[in-house]
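# What the coordinates show
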Amino acid sequence: HDYAAVVTLDADGQHDPGEIPGFLTAYQQGQSDLIIGARDFSRIPPVRRVANSLGRWTFSWAVGQPIADNQSGYRLLSRQMMQATLDSREQGFEFEVDMIVVCIERGYQLAWTPIRTIYGDETSHISPLKHVREFGRVVWQTRRRMQQHHHQG
């Protein structure tokens, strides 16, 4: 429909749609291709905080730059970012991670905007062992892609 950008958010009730104007403001100020809502990890349950911290550190190592939040589904994508991710074969959280890799590989602008996350008593649908295995696969693939990308550039 000829939109310049779209905003995505998780449907599990953890993202407040009232924060969409913050994404739009960030987009208007910087014209970034991917703006990710960075959560305040000090306010999430301790087990999730440790898992998120380890995930951020390892993924930051894989891409060679600090990544504030690689699992947040609250994002703004520019039109060119949407088109660049159409060929991704990843699904679920792996797709969210791959999106960051594509953004960096193509030299697109990546930005962050702070968001709050609403934690209720919902149960996670993620199987911890499967999640760790899949995340490890994505991290190693990302590291190899980044090394190839640097050798080509």
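Coordinates for the structure precede this section.
Treat the numbers as computed from the prediction; the structure is a model and nothing was measured.

To continue, consider the overall build of the protein. Of regular secondary structure, the protein possesses 5 helices and 4 strands. Here the C-alpha atoms of the protein give a radius of gyration of 15 Å, agreeing with the 15 Å that 2.2 N^0.38 yields for 153 residues. Each principal axis of the C-alpha distribution contributes one length, and for the protein these read about 45 × 35 × 25 Å. If you take every contact in the protein between residues at least 6 apart in sequence, the share linking residues at least 24 apart comes to 81%.

Right, let's talk about the sheet that holds strand 3 (residues 75-78) for a bit. Judged by pairing direction, the sheet is mixed, and its 4 strands sit side by side in the order 1-3-2-4 without closing on themselves. Because the sheet does not close on itself, it has two edges, and the strands there are strand 1 (5-8) and strand 4 (110-115). Ignoring which end each strand starts from, the neighbouring axes of this sheet average 20° apart. In the sheet, strand 1 pairs with strand 3 via 4 bridges, with the strands oriented antiparallel. The residue bridging V7 from the neighbouring strand is L76, located in strand 3.

Most of strand 2 (residues 34-39) sits out of view: 6 of its 6 residues are buried. Here strand 2 shows a buried face lined by L34, I36 and A38 and a second buried face lined by I35, G37 and R39. Across 3 bridges, strand 2 lies against strand 3 in antiparallel orientation. Residue pairing across strands places I36 opposite R75, the latter belonging to strand 3. With 6 bridges joining them, strand 2 and strand 4 adopt parallel strand pairing. The residue of strand 4 that forms the bridge with G37 is T113.

The next point concerns helix 2 (residues 46-63). Here helix 2 is 18 residues long and its end C-alpha atoms lie 26 Å apart, about the 26 Å a rise of 1.5 Å per residue gives. Along helix 2, the positions that sit buried rather than exposed are N52, S53, G55, R56, F59, S60, A62 and V63. In the stretch just after helix 2, G64 is the one whose phi turns positive, near 80°.

Attention now moves to the packing of aromatic side chains. Counted according to the given criterion, the structure contains 2 aromatic pairs. A cation sits over an aromatic face here: R56 above F41, 4.1 Å from the ring centre. Between the NZ or CZ atom of R143 and the centre of the ring of W61, over which it lies, the distance is 4.4 Å.

Quick notes on the rules
Residues numbered from 1 in each chain as written. Predicted model: local features only at pLDDT ≥ 70, side-chain atom pairs only at ≥ 80, totals over all residues. Heavy atoms only, no water. Helix = DSSP H or I, 4+ residues; strand = E, 2+ residues; numbered from the N terminus. Rg over C-alpha atoms; globule rule 2.2 N^0.38 Å. Contact = heavy atoms within 4.5 Å. Pairing = 2+ DSSP bridges. Axes fitted to C-alpha atoms, helices over the stretch in contact; angles between N-to-C directions. Buried < 20%, exposed > 50% of the residue type's maximum accessible area, 1.4 Å probe, protein only. Expected span 1.5 Å × (residues − 1). Phe/Tyr/Trp six-rings, centres within 6.5 Å; stacked < 30°, edge-to-face > 60°. Lys NZ or Arg CZ within 6 Å of the ring centre and 35° of its normal.

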